[in-house]
Protein chains: 2
Amino acid sequence: MANRNLNLLDYSEITGAAPIALRTHGWRAKCLQRLVRLDMPVPKTVALSFEAVRAIAAGSMPDLSGLVGRFDAGQLLSVRPSAENTDWGGPGAVLNIGMNNARYADITETHGEKVATALYLSFVQAYAQHVARLDPDMFAVSEPSPRALEAALDDYEKEMEEPFPQDPKKQLAEVLRSMARAWEGTSARLLRQAKGASAEAGLGLVVQAMAGGYGAPETGAGVIQFIEPVTGAPQITGRYAERGQGREAVSNNPQAMYLTCDPRGASLEELHPAAFQSLVRHGADCREKLREEMQIEFTVVNGEVSVLDAVKVQRNSRAAVRVAVSLAEDGIITRKEALMRVTPRALSELLHRQVDPRGPRDVLARGIAASPGAATGRLVFTSTAAQASASRGEPCILVRRETSPEDIRGMHAAAGVLTERGGMTSHAAVIGRGLGVPCIVGATGLRIDLKNRQLHTGRRILSEGDLITIDGTAGEILPGEADMLEPALDQWFTTLLDWADALRDIGVRANADTPADARIARGFKAEGIGLCRTEHMFFEDDRLTVMREMIFADTGPDRAAALARLLPMQRSDFIELFSIMEGLPVCIRLFDPPLHEFLPHTREGMKQLADALDKPLSEVVRRSEELAEFNPMLGLRGVRLGVTLPEIYEMQARAIFEATIAIGRRGGKVVPEIMIPLVSAMREVELVKARIDAVAAAVRVERGNGFEYRLGVMVETPRAALRAGEIAQHAEFMSFGTNDLTQMTYGLSRDDAGRFMSYYVQAGVFPEDPFHVLDTDGVGELLLIAAERGRRSRKSLTLSICGEHGGSPESIAFCRDAGFDYVSCSPFRVPVARLAAAQLTIKGDEASDQMPDLR
Amino acid sequence: MANRNLNLLDYSEITGAAPIALRTHGWRAKCLQRLVRLDMPVPKTVALSFEAVRAIAAGSMPDLSGLVGRFDAGQLLSVRPSAENTDWGGPGAVLNIGMNNARYADITETHGEKVATALYLSFVQAYAQHVARLDPDMFAVSEPSPRALEAALDDYEKEMEEPFPQDPKKQLAEVLRSMARAWEGTSARLLRQAKGASAEAGLGLVVQAMAGGYGAPETGAGVIQFIEPVTGAPQITGRYAERGQGREAVSNNPQAMYLTCDPRGASLEELHPAAFQSLVRHGADCREKLREEMQIEFTVVNGEVSVLDAVKVQRNSRAAVRVAVSLAEDGIITRKEALMRVTPRALSELLHRQVDPRGPRDVLARGIAASPGAATGRLVFTSTAAQASASRGEPCILVRRETSPEDIRGMHAAAGVLTERGGMTSHAAVIGRGLGVPCIVGATGLRIDLKNRQLHTGRRILSEGDLITIDGTAGEILPGEADMLEPALDQWFTTLLDWADALRDIGVRANADTPADARIARGFKAEGIGLCRTEHMFFEDDRLTVMREMIFADTGPDRAAALARLLPMQRSDFIELFSIMEGLPVCIRLFDPPLHEFLPHTREGMKQLADALDKPLSEVVRRSEELAEFNPMLGLRGVRLGVTLPEIYEMQARAIFEATIAIGRRGGKVVPEIMIPLVSAMREVELVKARIDAVAAAVRVERGNGFEYRLGVMVETPRAALRAGEIAQHAEFMSFGTNDLTQMTYGLSRDDAGRFMSYYVQAGVFPEDPFHVLDTDGVGELLLIAAERGRRSRKSLTLSICGEHGGSPESIAFCRDAGFDYVSCSPFRVPVARLAAAQLTIKGDEASDQMPDLR
């Protein structure tokens, strides 16, 4: 590189015909070329290719005569970065290159000493800081003055042991070199790689004539855009600063005026109506021809507009959706393009209330953003208090060290949940996402003082009843009440997802345990329930008592008697679910948790239970001890309970079948799917299937009604995956419970992993938390093995995933490649999954048709 | 079959040349033919083939004229079963066929009425019971008499509505048919299938002339054998009954005499010296020509011996070893045949004291035979009491509900361990086998009353201090002191295993944590230590305190300070182990358990700990709560501790390296193997390896000494197996910890499986307890995947298994087929493994050379 012939510096004046490409010159150069092609008044601009900039960084100092010769003599220049992707950053722009003593004298003459001093001083400051790498504090002045300018030039000479460079070519060369080298710096590289840049990503540079006009009131600079960035609604926004230069002139400048109707005085529209009109025209051209909502940077000199630059309007998710749909509806882009322009994860922001990004943000503490959305409420510390608060109609935020199944009712009642411990897959996080309740977990900076009902946040102590806001999207805890944006399930959202549904080729169902979940799932157009956990149904107060009687039953008949009382409750649960789902498939997982989860954990609770059951306390304690397990995750649960205490599954099967008949009698139709959890051997399935088939036969005879159902398994153990071939002989479907499968495959308990997972991910031991992002190498291989063996044994086998991973775009891609039939995820992730699935179809179908996007 | 031509009945008179084969006529027919070939005086015998018997059972009633014609007219006959394998049972023998009124009159004349009556009555009884299927009680008499005979014949006629058959051909036909049908009965089929018979296994029948002579004192019957059946030592044993017939005559007959030196009177040797001498000759012929120690059934008539039958001497394990080795040393069988004749599992009986099978057995209760051997001692209920008892020199039996790591010292001190709960792979069972301490677990019939220090066995209440005996081989609990057989690690045992070592082609190492274990391992000629668990080293009193200080350390330096105090202890542990193993490889597993295992579980213990550490109790409680885990098996342990608290592994590595140098300075040599536990990702290995390599480099520089070591991983998670290819890039060996791997693969905690495993196995859900017998379908596939991927990535990768399965013959076969380098098992299973491995080599090499064995 260092030997490169200096005269071969690869630059091109940007014209409509110049050989400028995104991959060689970067997005800004390409964009400017498009503006030129649209006949916009772009000042003369020269683009340096990635290769040229790389050579400069490597030490070649190019001869710039040819380049500078393209501009008028004495023309001040700017240099801006032009990477391949706007998100990859780049060094800041440097303006007014070419300012020197001679130009200073000229401008003093034409525009006065004040203007000339300000221009020269600001260039010296920028050059000293960015090119000579001197301490910017040394060059800071309170007010530009000829004396300050002189001091700056002296300081420069003292530090650098040479006078401030006067040759514009040398100035430009040094600016180019400093910008080229800044791109190679370690932190710049890490930052852009974090945004997806490859190690070899290049930087282009754009050298542009400064669009004259400074000093006089008829000159100025500004930015203009044609949508509101939070909503995406059509609206001209932007600022214009008289006598200003560059973006900084308007960005933090209280004197900058609005473009239309400025209540504080004149607007650009009033001041320069012709210029304003031409900008509006340019905006419309950009939208139509660049097929994007652009923000235009411009100058006005004597009423004449110059367009210096245009960038995609920064926007939040709801604006992104509206812009994409509007462009497609206007025929500017295709529906597929519209779908590709919205990040699936961004959709989840639209489903929940959000803290308005335009408001102030006083962050008390941070945690892991575990369930999106924002909520304001009064602090409570117990589930009981949360329920009490809800019954008074007062929104509350439930704060716990960590949550357990006993907190579910409290979480349901709360507007938001905040826990001190836990990770993305802790109980609070999983349930929070399932309920759609905003949730922050692992807020390690907090300390809960339960005795005094206080929350210590380091800076401040909050007491029960105090108002706080949690932002589950950002993981931030704010004091008091914050300004909110309401959910945006508007026509644009609906339209976009309808387009997605028309395209995608993998099903999307929801995990839904309750009628409320099911209604949300239907609202988000889930194509059925992929996982209905039935055990939550037993935690409700009236049922919990019966459940406990069942656990304490000494004989099969006693157990059956208790179960007989649970039967009508389960039946009505299923009738309600089936009604809501209106014929869509509902996959019901049979009882899964270990029985001890239903017993009280405190001495007090056991005493109450002993009284309720009319048994001695000692027996309650003994039974609890008997049921306790060293590793509940690996214990007597799932199908193991189904095999050893068959009455439970028989009751559930009967409830499902009777509900199916009840729906049929109302004129509805449902083919329930019954799923056996925690299978590890074919015989387990065979045994349970035989019993369920027998229940079905009995119900058919008793009721004189036929019905259909499907029976399948949940694959959660590595062994079930390996033995999928023989298991599929008795199963019509297999749904992968990737939460448990990940636990077993890694030998790692989700509940216990929190203590070291963040360290593990930070240190790169695991590339990602495997409970958050599907481990395709390990767990994924088991999925592929099982899918292949299962389908080989039963061609019609339905395959799906129903773990927490089900809603993530990466997992959906994996499942689609593996030929799965559907994914199932929590209701609030259904829209994300629908969009992600559609994008996969588009990518798969049209990889080659895509034109490079002007991002 | 029913249409089969009756005249084609397939029978052969047994001569040296007759076409008799094991697979067509059964072992007894074949054996009789061999006796004939040895010119022994075998009465005329005819063999019916499997096919003939099958036809008879199917309803063909053969014409027996030809068969009966082979015998002298009026000759009484016997029929005996002849299955392919002696273990497969068969109907009992029927004697004296041919007795009828005419023969009764003849014998009354020649031998008197008493003899004739006894013969006829006993035949009528046998025929009524076995052929006519009448109630035997109806035919029972207190004393044979002509009246009783007449009554029996009348009763027969009344019940059967026909007179007792007089035609000898009809009698024989009915006997044959009844025996043929008995073989097809359900319970007979199940019994033989349990012993390995196929569904199609056939039965042959042997029809033999009764060797005359009844009634007179010069006639009689007996059995003779030439070894002592418990020790296998050469010794003539057996009994002879004058005037007797068949085996029953001697088996439970107090009048039967000894064959030599009967202290109660004359022996066979004195009575019939020539007959005795010819029997001794026959015995020697059998041993040399049938290549087995046989028991001969004979009659003596007027001093002449007839040999009716010969069967392999029933023997226990130690006799089996001695017989096999003696036969090989005498050149009668090859060493390979000797090795094949001993069941590997039988060897473990020889390693321990046994309850003498010849003594009485009063079983108080039964449990699972978890660790073989027997022990007598005084009942104790706590580990402290066990240690106190041991220090007084009094053997004790430790009885616990279940054991935990805190009981290890008590288990060490006890002569035997008995627990109410647990299965083959519970803590007590695993540790018991490791220590070689007899152990019974899951003795669910017991109830421990800790308060009163009593053991309720249902029948009896035992108190602390009472003597009991536990038989860990049989799983039986006996009251008081039982007669014992001492271990038999004698010359025959040693010789057999030396022959095994010369043949086998897979290594055998021992799992050994302590010097005592290591010495036992060496004694059993283990080829090294395959798994040395280091955490046991931290449970000793002085170390536990330092360990707890380490756990409570707030900073890295504090932790390092505590670890620095553990370093010299660890170093001396390793020096001792290396010394004992004298240069054999020692594979040391780095620290594995979660830290909370080292904290006290009781409030009292926490108080003491708080005092010892000079910290407030609240802090001890808080830290304990912080460390508690939902699923400790899947928690912060193994390499996860190694990664997050690197100081622990660094200390251990240093101790290992310093011990290596110390051994070198004494002129010894060791190449330690360091094994990282619970790996699930390649990066974990890479990180730990880098740190250990750094410690090695530091120690080399400090000490100025070079040394080698090998670094590898323990594969216990399914993910490690799947990712073996990349893990092997950083590991020189992989040892499969099949205990944990089975837990993860099934999603099943060994500690919690006990509650349903026996049901699961009984119900056939799992064919076997996978913690006891390696699950080759699931876990085994992971082993194969890992072996294949690991070796593909590193050709020289050493592969082994070190879980509880390591010592079982089935697992060794699996590992050998998979090309593993060695298996590692508890020291007391090393002999079993050595023999099993040799048998595999023999089977593999010479499958076709084996002649059918005369079992």
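Throughout, a residue's number is its position along its own chain's written sequence, starting from 1. Each chain gets a letter, beginning with A, and each ligand a number, beginning with 1, in the order they are written. A pLDDT threshold of at least 70 governs which residues receive local features in this predicted model, and a stricter bar of 80 or more applies before side-chain atom pairs are shown or counted, although totals over entire chains, interfaces and linings include all residues. Side-chain measures here rest on the full set of heavy atoms in the structure, leaving out hydrogens and waters.

Considerations on the sheet that holds strand 16 (residues 416–419) of chain B
Residue and element names in this part refer to chain B. The criterion, for reference: Between any two strands, pairing holds if DSSP finds at least two bridges. We count a stretch as a helix when DSSP gives it H or I for four or more residues in a row; a strand needs E for two or more, and each element gets its number in order from the N terminus.
Read across the open sheet, the eight strands follow the order 12-22-21-14-15-16-17-13; overall the sheet is mixed. The sheet terminates laterally at strand 12 (365–366) and strand 13 (368–371), the two strands that pair on one side only. One ladder, built from three bridges, connects strand 14 (residues 374–380) with strand 15 (residues 396–400); its direction is parallel. The partner of Arg378 across the bridge, within strand 15, is Cys396.

Remarks on the pattern of salt bridges
Threshold: Put simply, a salt bridge is a Lys or Arg side-chain nitrogen that is within 4 Å of an Asp or Glu carboxyl oxygen. The classification of residues rests on relative accessible area computed with a 1.4 Å probe and restricted to protein chains. Under 20% of the type maximum is buried, over 50% is exposed, and intermediate values are partly exposed.
Tallied over the full model, the rule gives 125 salt bridges over all chains. Between Arg723 of chain B and Asp777 of chain A there is a salt bridge, with the nearest N and O atoms lying 3.7 Å from each other. Linking Arg723 of chain B in the loop between helix 28 (718–722) and helix 29 (724–727) with Asp777 of chain A in the loop between helix 31 (750–762) and helix 32 (779–793), this pair reaches from one chain into another. Judged by its relative accessible area of 17%, Arg723 of chain B is buried. In this structure, Glu297 of chain B and Arg80 of chain B form a salt bridge, with 3.3 Å as the shortest nitrogen-oxygen distance. A residue pair is termed long-range when its members are at least 10 positions apart, and Glu297 of chain B in strand 9 (residues 294–301) and Arg80 of chain B in strand 3 (residues 77–83) qualify at 217 residues. Residue Arg80 of chain B is classed as buried on the basis of its relative accessible area of 6%.

Focus on the nonpolar core
Filter applied, for reference: Residues enter a nonpolar core if they are buried and are Ala, Val, Leu, Ile, Met, Phe, Trp, Tyr or Cys, with the set joined through side-chain atoms within 4.5 Å. Contacts are assigned to residue pairs that have any heavy atoms within 4.5 Å of one another.
The biggest cluster of nonpolar side chains holds 292 residues, and the ones touching the most others in it are Phe657, Ile676 and Phe820 of chain A together with Phe657, Ile676 and Phe820 of chain B. The residues contacting Phe657 of chain A, other than those within four sequence positions of it, are Ile674, Ile692, Val695, Ala696, Val699, Phe707 and Tyr709 of chain A.

Observations regarding the relation of the copies chain A and chain B
Applicable threshold: Superposition of the copies used a least-squares fit over C-alpha atoms from residues whose pLDDT is at least 70 in both.
With an RMSD of 0.4 Å, chain A superimposes on chain B once it is rotated by 180° and translated 0.2 Å along the axis. The two molecules are tied by a two-fold rotation axis, judged by turn and shift. Rotation axis and chain A: the residue whose C-alpha lies nearest the axis is Asn631 of chain A, separated from it by 2.0 Å.

Details of the sheet that holds strand 9 (residues 294–301) of chain A
Residue and element names in this part refer to chain A. What the five strands build is an open sheet, ordered 8-7-6-9-10; its pairing is antiparallel. Because the sheet does not close on itself, it has two edges, and the strands there are strand 8 (257–258) and strand 10 (304–312). When strand 6 (residues 219–227) meets strand 9, the two strands line up antiparallel, connected through six bridges. Bridging from a neighbouring strand, Gly220 pairs with Val300 of strand 9.

Quick word on the packing of aromatic side chains
For the record, the criterion: Only centres within 6.5 Å qualify two rings of Phe, Tyr or Trp (six-membered ring in Trp) as a pair; their planes then separate them into stacked at under 30 degrees, edge-to-face at over 60, and tilted for everything else. A ring is scored as having a charge over it whenever the NZ atom of a lysine or the CZ atom of an arginine sits within 6 Å of its centre and within 35 degrees of its normal.
Counted by the stated rule, this structure contains 40 aromatic pairs over all chains. With 5.9 Å between their ring centres and 90° between their planes, Phe123 of chain B and Phe164 of chain B make a pair best called edge-to-face. You can see Phe123 of chain B sitting in helix 6 (residues 113–131) and its partner Phe164 of chain B sitting in the loop between helix 7 (146–160) and helix 8 (168–184), a full 41 residues away along the chain. Measuring from ring centre to ring centre gives 6.0 Å for Tyr240 of chain B and Phe298 of chain B, while their planes differ by 0°; the resulting arrangement is stacked. In this pair, Tyr240 of chain B sits in strand 7 (residues 234–242) while Phe298 of chain B sits in strand 9, placing the two residues 58 residues apart along the sequence. In this pair, the class of Tyr240 of chain B matches that of Phe298 of chain B, namely buried. Counting every residue linked through ring pairs, the aromatic cluster contains Tyr104, Tyr120, Phe123, Tyr127, Tyr156 and Phe164 of chain A. Across the ring face of Phe707 of chain A, the terminal group of Arg700 of chain A is positioned such that the distance to the ring centre comes to 4.6 Å.

What about the environment of Lys195 of chain B?
For Lys195 of chain B, the position within the fold is in the loop between helix 9 (186–194) and strand 5 (203–209). Leaving out residues up to four positions away in the same chain, Lys195 of chain B has contacts with Asp87 and Trp88 of chain B.

As for the pairing of strand 29 (residues 733–736) of chain A
All names here are of chain A. Neither face of strand 29 is left uncovered, since the one carrying Phe733 and Ser735 and the one carrying Met734 and Phe736 both have all their residues buried. In this sheet, strand 29 lies alongside strand 28 (residues 710–715) in parallel orientation, the contact comprising four bridges. By the bridge assignment for strand 29, Val715 is matched with Phe736.

Considerations on the packing of helix 13 (residues 317–329) of chain A against helix 19 (residues 491–503) of chain A
Residues and elements named next belong to chain A. The condition is simple: Throughout, an axis means a line fitted to C-alpha atoms (over the contacting stretch in the case of helices), and angles, computed between N-to-C directions, take values from 0 to 180 degrees. Angle categories: roughly parallel below 35 degrees, roughly antiparallel above 145, roughly perpendicular from 65 to 115, and oblique for all the rest. The sense of a crossing depends on the near helix, which, turned anticlockwise from the far helix by less than a right angle, makes the crossing left-handed and, turned clockwise, makes it right-handed. Each residue gets one of three labels, nonpolar for Ala, Val, Leu, Ile, Met, Phe, Trp, Tyr, Cys and Pro, charged for Asp, Glu, Lys and Arg, and polar for the others, Gly among them.
Two elements in contact, helix 13 and helix 19, have axes separated by 9 Å at closest approach and are oriented at 65°. Comparing their axes, helix 19 and helix 13 come out roughly perpendicular. Crossing angle aside, the handedness with which helix 13 passes helix 19 is left-handed. In contact with Val321, Arg322, Val325, Ser326, Ala328 and Glu329 of helix 13, helix 19 contributes Trp492, Phe493, Thr495, Leu496 and Trp499. Looking at the contact of helix 13 with helix 19 residue by residue, the classes come out as seven nonpolar, two polar and two charged.

Here's the deal with the interface of chain A and chain B
Filter applied, for reference: By definition, the buried area sums, over both parts, the 1.4 Å-probe accessible area that each loses when the two are put together. Under this definition, polar contacts are N or O atom pairs within 3.5 Å; protein pairs additionally need one hydrogen-donor-capable and one acceptor-capable atom, and for neighbouring residues in sequence, both atoms have to be side-chain atoms.
Contacts between the two partners involve 49 residues from chain A and, on the opposite side, 49 residues from chain B. Between chain A and chain B lies a buried interface of about 4500 Å² when both sides are counted; carbon and sulfur atoms form 54% of it. Taken as a group, Leu634, Arg719 and Arg755 of chain A account for 14% of the area that chain A buries against chain B, more than any other trio of residues on that side. Our enumeration of links across chain A and chain B arrives at eight salt bridges. Put simply, Asp775 of chain B and Arg719 of chain A hold a salt bridge, and the shortest N to O gap is 2.7 Å. Counting every contact that joins chain A to chain B gives 29 residue pairs in polar contact (both at pLDDT 80 or more). Contributing elements (two or more residues each) for the side of chain A that touches chain B: helix 24 (617–627), helix 25 (639–644), helix 27 (682–703), helix 28 (718–722), helix 30 (738–746), helix 31 and helix 32 of chain A. Examining the composition of the side of chain A that touches chain B, we find that six residues originate from one element, helix 31 of chain A, more than from any other. Looking at side-chain class alone, the side of chain A that touches chain B contains 23 nonpolar, ten polar and 16 charged residues.

Observations concerning the domain arrangement of chain A
Residues and elements named next belong to chain A. This is how the line gets drawn: Either an automatic procedure or a domain database provided the assignment from which the domain bounds are taken.
Each assigned domain of chain A is listed with its residue range as follows: domain 1 (7–209), domain 2 (219–315), domain 3 (353–485) and domain 4 (504–594 + 629–843). Taking only C-alpha atoms into account, the centre of domain 1 sits 24 Å from that of domain 2. Tallying the contact residues gives 16 residues for domain 1 and 16 residues for domain 2. Counting the surface lost from both domain 1 and domain 2, the interface buries some 1300 Å², and carbon and sulfur atoms represent 63% of this.

A short note on helix 31 (residues 750–762) of chain B
Test applied: Any helix carries an expected span of 1.5 Å times its number of residues minus one. Values of bend correspond, residue by residue, to the angle between axes fitted over the seven residues ending at that residue and the seven starting there.
The end-to-end C-alpha distance of helix 31 of chain B, which contains 13 residues, comes to 18 Å, matching closely the 18 Å that a straight helix rising 1.5 Å per residue would cover. Along helix 31 of chain B, the sharpest kink reaches roughly 55°, centred on Phe756 of chain B. Buried within helix 31 of chain B we find Arg750, Asp752, Ala753, Phe756, Met757 and Tyr760 of chain B. At its buried positions, helix 31 of chain B is contacted by helix 25 and helix 27 of chain A together with helix 18 (427–435) and helix 30 (738–746) of chain B. Backbone geometry just downstream of helix 31 of chain B places Gly764 of chain B in the positive-phi region, at approximately 75°.

Brief notes about unusual backbone geometry
Positive phi is not limited to glycine here, since Asp614 of chain A has a value of about 55°. Assignment of secondary structure puts Asp614 of chain A in the loop between helix 23 (603–613) and helix 24.

Remarks on the side chain of Gln354 of chain B
All names here are of chain B. With respect to the helices and strands, the residue Gln354 is situated in strand 11 (residues 354–355). Note on Gln354: relative accessible area 8%, which makes it buried. A polar side-chain atom of Gln354 sits 3.2 Å from a polar atom in the side chain of Thr473. Beyond its immediate chain neighbours, meaning those up to four positions away, Gln354 contacts Arg318, Glu349, Gly373, Ala374, Thr473, Asp483, Met484 and Leu485.

Observations concerning helix 33 (residues 809–817) of chain B
Residues of helix 33 of chain B that are buried: Pro809, Ser811, Ile812, Phe814 and Cys815 of chain B. Downstream of helix 33 of chain B by one or two residues, Gly819 of chain B has phi in the positive range, about 80°.

Describing the pairing of strand 7 of chain B
Residues and elements named next belong to chain B. Of the strand pairs in this sheet, strand 6 (residues 219–227) and strand 7 are connected by seven bridges, and their pairing is antiparallel. Each residue of the ladder has a partner; that of Ile224, found in strand 7, is Gly238. Between strand 6 and strand 7, which follow one another and run antiparallel, lie six residues, and Gly232 among them has a positive phi close to 80°. Bridging between strand 7 and strand 8 (residues 257–258) involves two bridges; their strand directions are antiparallel. Pairing of Tyr240 across the sheet is with Met257, part of strand 8.

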